[in-house]
Amino acid sequence: MVPLASLLAYELKNDVEENPILRCGLALQPRKGEDFALINTNCQRLQDDASSTFAVFGIFDGHNGSAAAIYSKENLLNDILSAIPPRLKRDEWLAALPRAMVAGFMKTDKEFQAREQTSGTTVTIVVVDGWTITVASVGDSRCVLDSQEVVSTLTVDHRLDSNVEERVRVKASGGEVGRLIITGGAEIGPLRVWPGGLCLSRSIGDMDVGEFIVPIPHVKQIKLSNAGGRLIIASDGVWDALSSEKAAVCCRGLQQPEVAAKHIVKETLRTRGLRDDTTCLVVDLVPPSNSQHAAPPVKKKKSSLQRILFWRRKGTHLSGALSGVPVMEQLFEEGSAMLADRLGTLSYPDGRNGLFLCAICHCDIESHDGISVHAGSFFAANGPRSMEGPFLCVTCKWKQDAMEGKQPLYSVVTKW
Ligand SMILES: [Zn+2]
């Protein structure tokens, strides 16, 4: 029997926020050589300030060549970070991150398309800052969180086959959705977007498939409980073979993330064979008090009193708590493909003589030349919200219109 005072001390101790220890491992089994992974555990919000360190992990699953995946791996993080105003406090920085991810994905997409290379890529990028996890994704490279009790998928699959909302959006923006038709009229394979024949509804790159394949990411931000957990970020080579639950459960008890990642890839190959590039990144968030042991901790059953103490925390969004223990607090989630929904209402002044920066590409725009992201379109920019920021330059506004089916398709594609 644990004395009440000990339990209260345990609870108080856990209210003192200590950052988790991060450990990660990567396993990959190439087939086409179009999967790429990003691991950077030493980013800093403030230059030369170790206390502002955060980590970034990403999976880029290219198609139609590897150029878009390589470009995104090399540029996307900088494009995201450059969309965050300088000198923010940590809470402000975290609050600005979801919007910056949208602007960063747009910028990377626009600048890659300017290279006139036809390849595309999925992206799932994960920023871990203390216990706060922010995930942005386009395509179907999934990120799964295993708290050792509950398995939660933090991403949404942008696949025509499984995502009804995306099918509706693509059709409303001028795309056609259907299966491949072979000689004789039979339909085969997954649902695809035409023109182009892509199975995904969102990606970076893909300049040859129509602007309704958008680079606007689904973004989710959570705060994990300080009991820790495991992230599994993987390309569809894994998810075509294993469910989120199965991938998480099959590596429980394997305490080294490298071993866990290898085991997931092995399970994938055993289930389905090597049909695609198969890449798996495992990241463990380990409570500092457990750091001398391998990660993540296997949760012990909590006593009734501990459960009551956990349940009493106010303002905590409980997610899928099978045993009644909150595993995470959701801070933000948004998946709209409409840019005006995603960039908020803030402008991005750069402080130089009234000039503004385009919210996407950061080029200088005269205040009277910027077009509001909330304006109806480039050709109808005098709507009721046309004076509200953020503002876009002409080419970025043109791109926004094209993504929403307000511009002729190929006149835009050839513009970049
Ligand atoms: Zn711009």
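Residues numbered from 1 in each chain as written. Predicted model: local features only at pLDDT ≥ 70, side-chain atom pairs only at ≥ 80, totals over all residues.

### With respect to the overall build of the protein chain
Moving on, step 1. Helices and strands together make up the secondary structure of the protein chain, namely eleven helices and 18 strands.
Moving on, step 2. Across the 416 residues in the protein chain, those meeting the buried criterion constitute 45%.
Moving on, step 3. Summarising the internal contacts of the protein chain: among those between residues at least 6 apart in sequence, 65% fall at separations of at least 24. (Helix = DSSP H or I, 4+ residues; strand = E, 2+ residues; numbered from the N terminus. Buried ≥ 20, exposed ≤ 12 C-beta atoms within 10 Å, placed from the backbone. Contact = placed C-beta atoms within 7 Å.)

### Looking at the pairing of strand β12 (residues 229-234)
Moving on, step 1. Most of β12 is tucked away, with six of its six residues classed as buried.
Moving on, step 2. Of the two faces of β12, the one lined by Gly229, Leu231 and Ile233 and the one lined by Arg230, Ile232 and Ala234 are each fully buried.
Moving on, step 3. Taken together, the six bridges between β12 and strand β13 (residues 278-286) define a ladder with antiparallel strand orientation. Bridging from a neighbouring strand, isoleucine 232 pairs with valine 282 of β13. (Pairing = 2+ DSSP bridges.)

### Topic: the nonpolar core
Moving on, step 1. Grouped together as the largest cluster of nonpolar side chains are 97 residues, with contacts concentrated most on Val126, Ile232, Ile264, Cys280 and Leu281.
Moving on, step 2. Counting residues per element, this core draws most heavily on helix α3 (residues 90-113), at ten residues.
Moving on, step 3. Residue-level mapping places this core at the junction of two domains, with at least three residues from each of domain 1 (17-158 + 214-334) and domain 2 (343-416).
Moving on, step 4. Here leucine 281 is in contact with Cys24, Leu26, Ala37, Phe57, Ile59, Ile233, Ala234 and Ala261, once residues within four sequence places are set aside. (Core = buried A, V, L, I, M, F, W, Y, C linked by C-beta atoms within 7 Å. Domains from an automatic or database assignment.)

### Structural notes on the environment of tryptophan 398
Moving on, step 1. Within the secondary structure, tryptophan 398 sits in helix α10 (residues 394-403).
Moving on, step 2. Given 22 C-beta atoms within a 10 Å radius, tryptophan 398 is considered buried.

### Considering unusual backbone geometry
Moving on, step 1. Residue proline 195 follows tryptophan 194 across a cis peptide bond; omega there is 5°.
Moving on, step 2. Its identity as a non-glycine residue notwithstanding, aspartate 206 has a phi of 55°, on the positive side.
Moving on, step 3. With phi around 65°, histidine 362 is a residue other than glycine that occupies positive phi space.
Moving on, step 4. In this structure, histidine 362 sits in the loop between β15 (356-357) and β16 (364-365).
Moving on, step 5. The exposure class assigned to histidine 362 is partly exposed, which follows from the 17 C-beta atoms found within 10 Å.

### Let's talk about the sheet that holds β12
Moving on, step 1. Read from one edge to the other, the open sheet built from five strands follows the order β1-β13-β12-β6-β7, with strand pairing classed as antiparallel. Strands with a single pairing partner mark the edges of an open sheet, and in this sheet they are β1 (21-29) and β7 (151-153). Adjacent strand axes in the sheet meet at a mean angle of 15°, parallel and antiparallel pairs treated alike.
Moving on, step 2. In the sheet, β1 pairs with β13 via nine bridges, with the strands oriented antiparallel. Looking at β13, one finds that glutamine 29 is bridged to threonine 278.
Moving on, step 3. Seen against the sheet, helix α7 (residues 257-272) touches β1, β12 and β13 and runs at an angle of roughly 30° to β1. (Axes fitted to C-alpha atoms, helices over the stretch in contact; angles between N-to-C directions.)

### Notes on α3
Moving on, step 1. With 24 residues, α3 extends 33 Å between its outermost C-alpha atoms, agreeing within 8% with the 34 Å of an ideal straight helix rising 1.5 Å per residue.
Moving on, step 2. If you look at α3, its biggest bend is around 40°, right at leucine 97, and the proline proline 98 turns up within four residues after that.
Moving on, step 3. Burial analysis of α3 places 17 of its 24 residues in the buried class, the great majority of the element. (Expected span 1.5 Å × (residues − 1). Bend = angle between axes of the 7 residues up to and from the residue.)

### Side note on helix α4 (residues 164-172)
Moving on, step 1. Burial in α4 covers these residues: Glu166, Arg169 and Val170. Buried residues of α4, seen end-on, are gathered within an arc of 95° and therefore sit on one face of the element. The outward face of α4, more than 90 degrees from its buried face, is lined by the exposed residues Val164, Val168 and Ala172.
Moving on, step 2. Packing partners of the buried residues in α4 comprise β8 (176-181) and β9 (187-194). (Arc of directions from axis to C-beta.)

### Quick notes on the confidence of the model for the protein chain
Moving on, step 1. Residue-level pLDDT values for the protein chain average 85, and 82% of them are 70 or greater.
Moving on, step 2. Across residues 6-14, confidence stays below pLDDT 50; counting only partners more than four residues off in sequence or on other chains, it has six contacts.
Moving on, step 3. Scored below 50 in pLDDT, residues 300-323 makes 30 contacts in the model with residues more than four places away or belonging to other chains. (pLDDT = per-residue confidence, 0-100.)

### Here's the deal with the environment of glycine 189
Moving on, step 1. Within the secondary structure, glycine 189 sits in strand β9.
Moving on, step 2. Linking glycine 189 and glycine 178, residues eleven residues apart in sequence, is a C-alpha distance of 9.6 Å.
Moving on, step 3. Here glycine 189 is in contact with Arg179 and Leu180, once residues within four sequence places are set aside.

### Digging into the packing of helix α2 (residues 67-81) against α3
Describing two packed helices takes the angle between their axes plus the distance from one axis to the other.
Moving on, step 1. For the pair α2 and α3, interaxial distance at closest approach is 9 Å and the crossing angle is 140°. With respect to their mutual orientation, α2 and α3 come out oblique. Here α2 runs over α3; the crossing is right-handed. Each of Ala68, Tyr71, Ser72, Asn75, Leu76, Asp79 and Ile80 in α2 lies in contact with α3, whose residues at this interface are Ala100, Met101, Gly104, Phe105, Lys107, Thr108 and Phe112. (Parallel < 35°, antiparallel > 145°, perpendicular 65-115°, else oblique. Left-handed = near helix turned anticlockwise from the far one by under 90°.)

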